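# Residue-level structural notes
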Amino acid sequence: MSEIATLCLFSFIAGLIDSVAGGGGLIQLPALFIILPELPAGILLGTNKLSSICGTSVAAVQYWRHVGVNWKATLPATFAAFIFSFLGARAATLMSTAVMRPVVLVLLVAVAVYTFAQRDFGSLHTPRLTAVRQNIFSVVTGTVIGFYDGFFGPGTGSFLIFVFIGIFGFSFLAASASAKIVNFTTNFAAVLYFVFTGNVLYAVALPMAACNILGSVVGTQLAVLKGNRF
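In this report, the structure presented in the accompanying data block is examined. (Residues numbered from 1 in each chain as written. Predicted model: local features only at pLDDT ≥ 70, side-chain atom pairs only at ≥ 80, totals over all residues. Heavy atoms only, no water.)

### Let's talk about the overall build of the protein
In terms of regular secondary structure, the protein is built from nine helices and zero strands. In sequence order, the secondary structure elements of the protein are arranged as α-α-α-α-α-α-α-α-α. Residues counted as buried form 53% of the 230 residues belonging to the protein. For the protein, the proportion of contacts with a sequence separation of at least 24, taken over those separated by at least 6, is 84%. Summing over all exposed atoms, the protein offers an accessible surface of approximately 10100 Å²; the carbon and sulfur share of this is 73%. (Helix = DSSP H or I, 4+ residues; strand = E, 2+ residues; numbered from the N terminus. Buried < 20%, exposed > 50% of the residue type's maximum accessible area, 1.4 Å probe, protein only. Contact = heavy atoms within 4.5 Å. Areas by Shrake-Rupley, 256 points an atom, 1.4 Å probe, with all protein chains shown as cover.)

Dropping the structure here:
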């Protein structure tokens, strides 16, 4: 019981941080690997994904209602991300736990360093791509980040925000709105695969999901109320 309570605390914090700047998986997934070391990597990844999608879906709706979504830039990435996230999840479950654990460790460190090194987020909304280039970059974004999220996950929200700011020229809030829509889709595709292959521990995933939602509600409200600078 204490293990679940601890995981729920980390899940709340992850939901809050992920809804604001992405990268909640950098908190939640390591917690699962540390607290439940006896479980296969595929089950831990699936449990993490089911919990994460609950908070991401709430954040996506909140951003959609309060900020709006640039659907022309977001939809191509969404469709590509769904397909490649499913493929990434399949690739993750095909790897043995002995191989997957060190891979997860290396990826966590790399993503953490990259995420915390990025400080210059968008304060202005100045879209800079033509319609054709926007569609091309959107599909490429969905393909690459979609596969990554299905295979591993942590940092996906941050990567999407960086892309929508750095390449598309969106403000932080507009980038967050688009990122959450794509991130929900990648999570959904991966969850479908993990659920149908029996790689979810529901006794842990469901209480974590409730706490992730609560953290996401708090974080989204803070982001919307306090704006780009926050």
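### As for the nonpolar core
Ranked by internal contacts, the top residues of the largest apolar core, which has 46 residues, are Leu-7, Leu-32, Leu-36, Phe-164, Phe-168, Phe-170 and Phe-194. Ranked by the residues each element gives to this core, the list is headed by helix 8 (residues 172-196), at nine residues. With nine residues, the next largest nonpolar core counts Val-69, Ala-177, Ile-181 and Ala-223 among its residues. (Core = buried A, V, L, I, M, F, W, Y, C linked by side-chain atoms within 4.5 Å.)

### Focus on the packing of helix 6 (residues 131-151) against helix 8
Direction vectors running N to C along helix 6 and helix 8 enclose 45°, while the axes themselves pass 9 Å from each other. Put simply, helix 6 runs oblique to helix 8. Helix 6 and helix 8 meet at a crossing whose hand is right-handed. Facing helix 6, whose interface residues are Gly-146, Asp-149 and Gly-150, helix 8 presents Asn-183, Thr-186, Asn-187, Ala-190 and Phe-194. Of the residues in the contact of helix 6 with helix 8, the class split is two nonpolar, five polar and one charged. (Axes fitted to C-alpha atoms, helices over the stretch in contact; angles between N-to-C directions. Parallel < 35°, antiparallel > 145°, perpendicular 65-115°, else oblique. Left-handed = near helix turned anticlockwise from the far one by under 90°. Nonpolar A, V, L, I, M, F, W, Y, C, P; charged D, E, K, R; others polar.)

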